[in-house]
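# Reading the structure
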Amino acid sequence: MSEFEHVTVLLHEAVALLDIKPDGLYVDATLGGGGHTGEILKQLTTGTLYSFDQDDTAIQYNTKQYADEIAAGKLVLIHQNFRTLKSALAERGVTAVDGIVYDLGVSSVQFDDGQRGFSYNYDAELDMRMDQRQTLTAKTIVNDWPFNDLLRILSRYGEDRFPKQIARKIEQHRENGPINTTFELVDIIKEAIPAPARRKGGHPAKRTFQALRIAVNDELGALEDSLTQAIDLLAPDGRISVITFQSLEDRLVKQMFREKTTAPELPAGLPVLPGQFEADYTLLTRKPILPSQDEMADNHRSESAKLRGIARQ
């Protein structure tokens, strides 16, 4: 296996929000290169950390990286999508935890592995699966999904300015044979977008590739499922910190946190005891925490990152 190089964004800020108890139970919902896992392990003494990842590369790498902690029972690696959070922990006798961290999006390793098909900068099979065990790939979506479904995901997940033109152009090209590679798709996208628009706003394929990746991995559905479970799993004073990298994820996290931290509206004049109808959760971040200028200068992928947190009362 190649060296698993990954620069963890907002590393210390995300872990600091969890306010680690040395004897607590914690979850890293997105193991990746093990950055947050390593930082949490440093602060645990008799506590235990459960780290999830659906990507076998991440599991293999961290099994070697943290072999001593695994042997000591301090770290448990779980090769599953984080939408199985509750059931996977219950299987291991855990029904409440003191903190959960999420670092969303695609890891640098997945982007930089040209064979995974995540990046428009490398020519590879149209894959984009975070979990190599699943059958749905970007190639399947591009070649088999009907126009209306393509239009829907490009509009909703890519927030693209030209979703109809791109979907039509894909439809035209696949009539002449399958679209197999990332560069084939990039050429089709460029063909669909008006020339003036191609010269502005970064790579013309960026939003389409984002949309396909989200659809292949059901990222937003999985996040909503997992975060619902995570909020419910928190012990009293337990905390969740979430790092997002694009507006759809951030909006979802923001809305879910707001719903949980807003007290129910009651009819005027209804007598209540103090604290009787207060929300069970509080926001740790009124506004998202952003990377510092130094971090953004050192790692351009951190520029879109936002960190939000919530705590149980």
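Here the structure is a predicted model, which is why all the values come from computation and not from measurement.

### Things to note about the pairing of strand β5 (residues 234-244)
With eight of 11 residues buried, β5 is to be regarded as a mostly interior element. Judged from the six bridges that link them, strand β4 (residues 97-103) and β5 form a sheet pairing that is parallel. By the bridge assignment for β5, V97 is matched with L234. Inspection of the sheet shows β5 paired to strand β7 (residues 306-312) by six bridges, in the antiparallel sense. Bridge pairing links I240 to I310 in β7.

### A word on the side chain of T244
For T244, the position within the fold is in strand β5. Given a relative accessible area of 1%, T244 falls into the buried group. Of the polar contacts made by the side chain of T244, one reaches the side chain of D250; its length is 3.4 Å. Non-local contacts of T244, meaning those with residues more than four positions away in its chain, are made with L104, E249, D250, V253, S304, A305 and K306.

### Comments concerning the sheet that holds strand β6 (residues 281-283)
Pairing is mixed across the open sheet formed by seven strands, whose spatial order is β3-β2-β1-β4-β5-β7-β6. Strands at the two margins of the open sheet, each flanked by one partner only, are β3 (75-78) and β6. Neighbour-to-neighbour, the strand axes of the sheet open up by a mean angle of 15°, direction not taken into account. The sheet contact formed by strand β1 (residues 25-28) and strand β2 (residues 48-52) spans four bridges and is parallel. Within β2, the position partnered with Y26 by the bridge is L49. The sheet strands contacting helix α2 (residues 35-43) are β1, β2, β3, β4 and β5, and the helix crosses β2 at an angle near 175°.

### Digging into the pairing of β4
Of all seven residues that make up β4, seven are buried, and the element is covered over most of its length. Bridge count between β1 and β4: three bridges; the pairing is parallel. Looking at β4, one finds that Y26 is bridged to G99.

### Some words on the nonpolar core
Nonpolar side chains in soluble globular proteins tend to be buried together. One finds M128, Y157, I170, L185 and F209 to be the most contacted residues of the largest nonpolar core, which totals 36 residues. Of the residues forming this core, the biggest block, six residues, is contributed by helix α12 (residues 206-217). In terms of domain composition, this core takes at least three residues from each of domain 1 (11-109 + 219-312) and domain 2 (113-217). Sequence-distant contacts of I170, that is, excluding residues within four places in its chain, are made with V142, L150, I179, L185 and I188. In terms of nonpolar packing, the next biggest core, distinct from the first, is built from 29 residues, L85, I100, L233 and Y281 among them.

The rules we used
- Along each chain, residues carry numbers from 1 onward, in the same order as the chain's sequence is written.
- Whole-chain, interface and lining totals are the exception, using all residues; otherwise, since this is a predicted model, local features are given only for residues with pLDDT of at least 70 and side-chain atom pairs are given and counted only at 80 or more.
- Just so you know, side-chain values use all the structure's heavy atoms and leave hydrogens and water out.
- The buried label applies to any residue whose accessible area, calculated with a 1.4 Å probe on protein chains only, is under 20% of its type's maximum; exposed applies above 50%, and partly exposed to all values in between.
- Helix numbering and strand numbering both begin at the N terminus, where a helix is a DSSP run of H or I of at least 4 residues and a strand a DSSP run of E of at least 2.
- The pairing criterion for strands is at least two bridges between them, as found by DSSP.
- Counted as a polar contact is a pair of N or O atoms within 3.5 Å, where, for protein atoms, one must be capable of donating a hydrogen and the other of accepting one, and residues adjacent in sequence contribute only when both atoms are in side chains.
- A contact between two residues is defined here by any heavy atoms of the two lying within 4.5 Å.
- Axes here refer to lines fitted to C-alpha atoms; in helices the fit is confined to the stretch in contact. Angles between the N-to-C directions go from 0 to 180 degrees.
- In this text, buried Ala, Val, Leu, Ile, Met, Phe, Trp, Tyr and Cys residues form a nonpolar core when linked through side-chain atoms within 4.5 Å.
- The domain limits used here are those given by an automatic or database domain assignment.

Spatial relationships are all this shows, so hold off on functional conclusions.
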